[in-house]
Amino acid sequence: MMQAEMPNCNTCGEPVGFGPDGSGVFVGCHECNFPICKACLDYEIKEGITACLQCGTPYDGSLTNLDVVEKEQVTNTTMAGHLNSTPDAGLHARNISTVSTVDSDMISEGGNPIWKNRVESWKDKKSKKKKAVSKAAKEVQIPIDQQMDEKQESAGGMQPLSQIVPVPKSQITPYRVVIIVRLIILGLFFHYRITNPVESSYGLWLTSVICEIWFAISWVLDQFPKWYPINRVTFTDELSASRSVERTSSHYCKHRAFNPCRGLPVDKVSCYVSDDGAAMLSFESLVETAEFARKWVPFCKKFAIEPRAPEFYFSQKIDYLKDKVQPSFVKERRAMKRDYEEYKVRVNALVAKAQKTPDEGWTMQDGTPWPGNNTRDHPGMIQVFLGHSGAHDIEGNELPRLVYVSREKRPDINTTKKPVRVSAILTNAPYILNLDCDHYVNNSKAVREAMCFLMDPQVGRDVCYIQFPQRFDGIDRSDRYANRNTVFFDVNMKGLDGIQGPVYVGTGCVFYRQALYGYGPQSLPTLPKPSSSSSCCCCGPKKPKKDLEEFQRDSRRDDLNAAIFNLKEIEKTFGMSSVFIESTLMEHGGLAESANPATMINEAIHVISCGYEEKTAWGKEIGWIYGSVTEDILTGFKMHCRGWRSIYCMPVRPAFKGSAPINLSDRLHQVLRWALGSVEIFLSRHCPLWYGWGGGRLKLLQRLAYINTIVYPFTSLPLVAYCTLPAICLLTGKFIIPTLSNLAAVWFLGLFLSIITTSVLEIRWSGVSIEELWRNEQFWVIGGVSAHLFAVFQGFLKMLAGVDTNFTVTTKAAMISSSGSST
């Protein structure tokens, strides 16, 4: 049980103090509870700042918009002795709070759920606010056109935080010209091939023509989405220089990643570790990691350590004395390395002890069984480490909150992924950073670059996520298995960034939470609702189309009824948790008013229960979309169909790094999983060939890119056939091409030259080396005749026969080291 401290003013840093009657904490804006003291508020009003710096709500007069929040005891459920560093560091878990279900449908005295009453009150507040603003405008009697000019000048005065840097015309124009020339040559080539059949081997000729047509279509799908490649730069200095933007940034920068020391306010960062296996080893390792972080975090901040993952920092073969002018650095670094080696010894001891599970299962310190002994049947578990009222670092400073989450599992229920609802209950930050367990933060300033895009006054309103490229450690110099996937990350993704944005690749991505909830971007226009009296002379009254209704629902965010889809259906959309439902309505994040601190852990465990998603829109319209092992592609596709755009961020220093497959078998298993996911999407209702045409919010080139991501495994069929044709021709003495004329030779020669020229020009504007391009083409053939082919068969087997095949998780080198060192 912990008591909350009084918030500090965001302007002067002093406690905000109490309200006029002294009965509660002073609050300057009752819309968002922005922390500001009365003295600073009076000064800002005197200086002409008449609206809240966080949410923009105008102050009514001088102090009529002020409100007082009653004092309350903030409680939290914690684990007894979760940081008890005893000499016996064996695998013996501390007591953990577990709850399977919670009755969260709180009813008011009127008999209605509390969240419904609160929504109604918010609607009343919004209508009153609009009336007050319109009344004030009438009193001042400013012409409408003049009001619009003032708004434009005000918006134009905000400094942009990012800038688009197009690829130079000298590089991209020849590239586009060659693409068009190659398209023309393809047309002439196919005209010759179709008009000159080989009668003596008609079957072989027809097979070759079909394969060549498919290769041409595949090339078009891959090439044209790269028509507008761009680069981007960010102005991180502007993010801190602007007074209002800095305040907003410190309020927004709550992220969900296992890396607290990245140069952001610690009170705005929360790290959630999702343990799907409910392993006691993971929990005990996290306990040791939390203890080690108390020393490691201040060391990183003091000496600007990069990267912040100790395993990779201490293994660097560089001059660590470079640019470190503090005399104490060498001494403290040696001490820290010694502490880290001791930390690894303790973690390795846990790993060794976990190799043999006791017959009676693992037990916690109080003697009770570990709730996750049965990995397929256990309750939900949540434990909060560190944080606002938890352990501080060795210098007494606050550390980011660290939360362990293990979702409830039952044998007869398919449990879903991603603890996004838990974070909504406990912290509800507007932005979420998603990282895989084998990734670590290589650039501590990467998240600040992402915030430059998300908070940019020009583009930030339409951005659903910021995708970073994947970079890997431990790859051999020649990259024989094409693990770096450079062509995709440095060519295709940069091209998509110039259209509607890169696809979501499953990790290294900063999300805007509201986009995950199924809302549309703010900039979408409002469509008039079709009149019920409209009719056609032959078919009577017209019924509104489903796509039109969805477009109206997503576009009108300023209308609360549209923003929550439908007040009567909201429980069917988000589930039966009043606290969570209220959190989804908060565009700028923050805890819901109905969140009772005494029951927050219980409420959080309720939203990760197995039955919570039953009869809801989770996995179908909101959150991560299920139905494919590559749910990342599907999730990003749904967001783009709603009108959102994404942004590709490529810092000079790679933002995140991960582990790559170390042998051909693991690499092919990885490629098989990706290809199987694409086939599943192709055979689902979300196939880009037919999904989302009515709204018109997915750009054509973006749709071509998504079609390419789901049909590429089918290229394995013509690839195998085309590779087999030469052998058949040699055995039968027949050929697939007739005797060439001079004109036909020109078309063949022009086709090969255009292929080479396109590759050379693509290398020029993208910066990809010839070796990387060659490795990509080489492994495309290897995967095409093996993993892609099996993925097509498995996909159809699953659809036609209902036989589900499980994918093999890629082997990760030094998994414990990677996850334990990302502190």
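Above: the structure in question.
As the structure is a prediction and not an experimental result, all values here were calculated from the model. (Residues numbered from 1 in each chain as written. Predicted model: local features only at pLDDT ≥ 70, side-chain atom pairs only at ≥ 80, totals over all residues. Heavy atoms only, no water.)

Strand pairing in a sheet takes place through backbone hydrogen bonds and is either antiparallel or parallel in direction. Spatial ordering of the open sheet is given by S10-S17-S12, a layout of three strands whose pairing is mixed. For this open sheet the edge positions go to strand S10 (440-441) and strand S12 (471-473), each flanked by a neighbour on one side alone. Across three bridges, S12 lies against strand S17 (residues 656-659) in parallel orientation. Across the sheet, the residue bridging to aspartate 473 is serine 659, located in S17. (Pairing = 2+ DSSP bridges. Helix = DSSP H or I, 4+ residues; strand = E, 2+ residues; numbered from the N terminus.)

In this section: the packing of aromatic side chains. Counted by the stated rule, this structure contains 42 aromatic pairs. Aromatic pair tryptophan 296 and phenylalanine 314: ring centres 5.8 Å apart, planes at 55 degrees, arrangement tilted. One end of the pair, tryptophan 296, is in helix H8 (residues 280-303); the other, phenylalanine 314, is in helix H9 (residues 310-314), and 18 residues separate them in sequence. Within the aromatic cluster, the residues linked to one another by ring pairs are Phe292, Trp296, Phe299, Phe303, Tyr313, Phe314, Phe329, Tyr340 and Tyr343. Residue placement shows arginine 421 over the ring face of tryptophan 618; its charged tip is 4.7 Å from the ring centre. In this arrangement the basic side chain of arginine 703 is found over the ring face of tryptophan 693, its NZ or CZ atom lying 3.9 Å from the centre. (Phe/Tyr/Trp six-rings, centres within 6.5 Å; stacked < 30°, edge-to-face > 60°. Lys NZ or Arg CZ within 6 Å of the ring centre and 35° of its normal.)

Going residue by residue along S17, you find Phe656 and Gly658 tucked away on one face and Lys657 and Ser659 tucked away on the opposite face as well. Judged from the two bridges that link them, S10 and S17 form a sheet pairing that is antiparallel. Across the sheet, residue valine 441 finds its bridge partner in S17, namely phenylalanine 656. (Buried < 20%, exposed > 50% of the residue type's maximum accessible area, 1.4 Å probe, protein only.)

Before going further, it helps to examine the nonpolar core. Of all hydrophobic cores here, the largest spans 89 residues; its most connected members are Val422, Leu426, Ile466, Phe468, Phe511, Phe574 and Phe580. Counting residues per element, this core draws most heavily on helix H12 (residues 446-454), which supplies seven residues. Within the second largest apolar cluster, 37 residues are counted, among which are Leu286, Ala293, Phe303 and Leu399. (Core = buried A, V, L, I, M, F, W, Y, C linked by side-chain atoms within 4.5 Å.)

Further remarks concern the pattern of salt bridges. The tally for this structure, following the rule as stated, stands at 22 salt bridges. Between arginine 480 and aspartate 476 there is a salt bridge, and its shortest N-O distance comes to 3.5 Å. On the basis of relative accessibility, which here comes to 46%, the residue arginine 480 falls in the partly exposed class. Here the salt bridges share partners, and the residues they tie into one network are Asp222, Lys226 and Glu762. (Salt bridge = Lys/Arg side-chain N within 4 Å of Asp/Glu carboxyl O.)

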